[in-house]
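Letter by letter, the chains look like this.
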Amino acid sequence: MSIFEYNGSAVVAMVGKNCFAIASDRRLGVQLQTIATDFQRISKIHDHLFIGLSGLATDVQTLYQRLVFRHKLYQLREERDMKPETFASLVSAILYEKRFGPYLCQPVIAGLGDDNKPFICTMDSIGAKELAKDFVVSGTASESLYGACEAMFKPDMEAEELFETISQALLSSVDRDCLSGWGGHVYVVTPDEIKEKILKGRMD
Amino acid sequence: MSQSAVDVPPKGGFSFDLCKRNDMLTQKGLKAPSFLKTGTTIVGLIFKDGVILGADTRATEGPIVADKNCEKIHYMAPNIYCCGAGTAADTEAVTDMVSSQLRLHRYQTSRDSRVITALTLLKKHLFSYQGHVSAALVLGGVDITGPHLHTIYPHGSTDTLPFATMGSGSLAAMSVFEAKYKEGLTRDEGIKLVAEAICSGIFNDLGSGSNVDICVITKGNKEYLRNYMEPNPRTYVSSKGYSFTKKTEVLLTKITPLLERVEITEVGEAMEE
């Protein structure tokens, strides 16, 4: 069994028109036993920047704490929030530093940059950045997520339609993966508001 | 004095403090994750006025295509570019690092960078990690001494060649070069040959795919032709798209309105003379 299949996870982010959506499943397991059904995988770095981490849960929490620390230092020094591209480079550097003994997680970063232009990217566990213009996926359900997103994605969707698309893609993919599921957690971010929704999914 | 519990930003280089824990997990039977590889076909050739580099754009994670349009031709200096194959994080990190070192060197010497400088910096780094930094590179550029093309292997050995291919599609591309390369090619002939070699890799090698990127470097000028050819467009695109009859059931909604982004610029007082 792979290390990523120890806890199970599914994270996806999609780009819309001047908005983005990031979604994750809610299960935390120890191999085949479910321990929690409300695990927080997506965290806010600042109002327009979110990071979702899939993989080993202990590294998810440790890495999140390290990144929040570095961002707070940046805010103190620069007196402003980090741009999403800068943050992605920071995460990549932190992960590559541990090239030969890596953090066992794969981040998905989503943010609104200047001019409210949405930015998404994902990385493998040693920091190889993958920028995309449409969607990025990560986690044990990633293969199903690739297929579902490829079929359901349309460019330039508004926030409502984007929410529906990402939720359907997430729920249908985690239904095909034993290790992730038990509902979904979706954040849709536009320049004016953050909408956080919890989805009802199959509880198996 | 006890070690600080705070994670102070490190001075650089690799950190090995999670190795012991990862080894313990591997011994307990949990396999380590696979890294993003660029299966790849990368090529370079020297033509009459300079160097042409070419690459495909597929990035794979095991058997899955993770990125259908990634960039494998990395910037090193205004007159030097480098294609990378192998582990994606390694090629990106090593080319970024040497690119920064070259820029500092240019500031110190007030001269344009030479291709052999980049070559020596790369091979020293790769050799010192004994092949564990898995980056196979095709380095090309035009400097004051003329056009140069080199290949660098993950263990640190290098070759200087008139035409070169690397990556899983290297055999497919090399067959095209061996058949059709000649000295003194013109720019258009060179681009056509490089595109043909990359296409040969894209269609015959499973680790390479998607589009062709080309970079032409001549004395004092460079042209980065991103997605020069797109021989694999998406077929069967449905104009209707998906329509969901049954909406997702939402248990809880929380809306946080965001304040408008306000930029405060303080007008400072001018310094007294």
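Here, the structure is the one placed above.
Cut-offs and rules
Residues numbered from 1 in each chain as written. Chains lettered and ligands numbered in written order. Predicted model: local features only at pLDDT ≥ 70, side-chain atom pairs only at ≥ 80, totals over all residues. Heavy atoms only, no water. Contact = heavy atoms within 4.5 Å. Salt bridge = Lys/Arg side-chain N within 4 Å of Asp/Glu carboxyl O. Polar contact = N/O pair within 3.5 Å; in protein donor to acceptor, adjacent residues only side chain to side chain. Helix = DSSP H or I, 4+ residues; strand = E, 2+ residues; numbered from the N terminus. Pairing = 2+ DSSP bridges. Phe/Tyr/Trp six-rings, centres within 6.5 Å; stacked < 30°, edge-to-face > 60°. Buried < 20%, exposed > 50% of the residue type's maximum accessible area, 1.4 Å probe, protein only. Lys NZ or Arg CZ within 6 Å of the ring centre and 35° of its normal.

Caption draft 1: Expanded view of the interface of chain B and chain A. Each partner contributes to the interface: chain B provides 54 residues, whereas chain A provides 59 residues. At the boundary of chain B and chain A, one finds 5 salt bridges. K68 of chain B is the partner of E150 of chain A in a salt bridge, and the nearest nitrogen-oxygen pair spans 2.8 Å. The interface formed by chain B and chain A holds 17 residue pairs in polar contact (both at pLDDT 80 or more) in total. Only α1 (19-27), β5 (64-67), α2 (88-109) and β14 (250-257) of chain B provide two or more residues apiece to the side of chain B that touches chain A. It is β14 of chain B that provides the largest number of residues to the side of chain B that touches chain A, a total of 8 residues. Of the pairings in the sheet, the one linking strand β12 (residues 193-199) of chain A to β14 of chain B comprises 7 bridges and is antiparallel in character. Opposite I198 of chain A, over in β14 of chain B, you have L252 of chain B as the bridge partner.

Caption draft 2: Broad picture of the packing of aromatic side chains. Taken as a whole, this structure holds 12 aromatic pairs over all chains when the rule is applied. With a centroid separation of 6.3 Å and an interplanar angle of 65 degrees, the aromatic rings of F20 of chain A and F50 of chain A are classed as edge-to-face. One end of the pair, F20 of chain A, is in strand β2 (residues 20-25); the other, F50 of chain A, is in strand β6 (residues 49-55), with 30 residues separating them in the sequence. Given a relative accessible area of 1%, F50 of chain A falls into the buried group. What links up through ring pairs into an aromatic cluster is the set Y96 and F100 of chain A together with F14, F16 and Y129 of chain B. The lysine or arginine in question, K197 of chain A, covers the ring of F163 of chain A, its NZ or CZ lying 4.4 Å from the ring centre.

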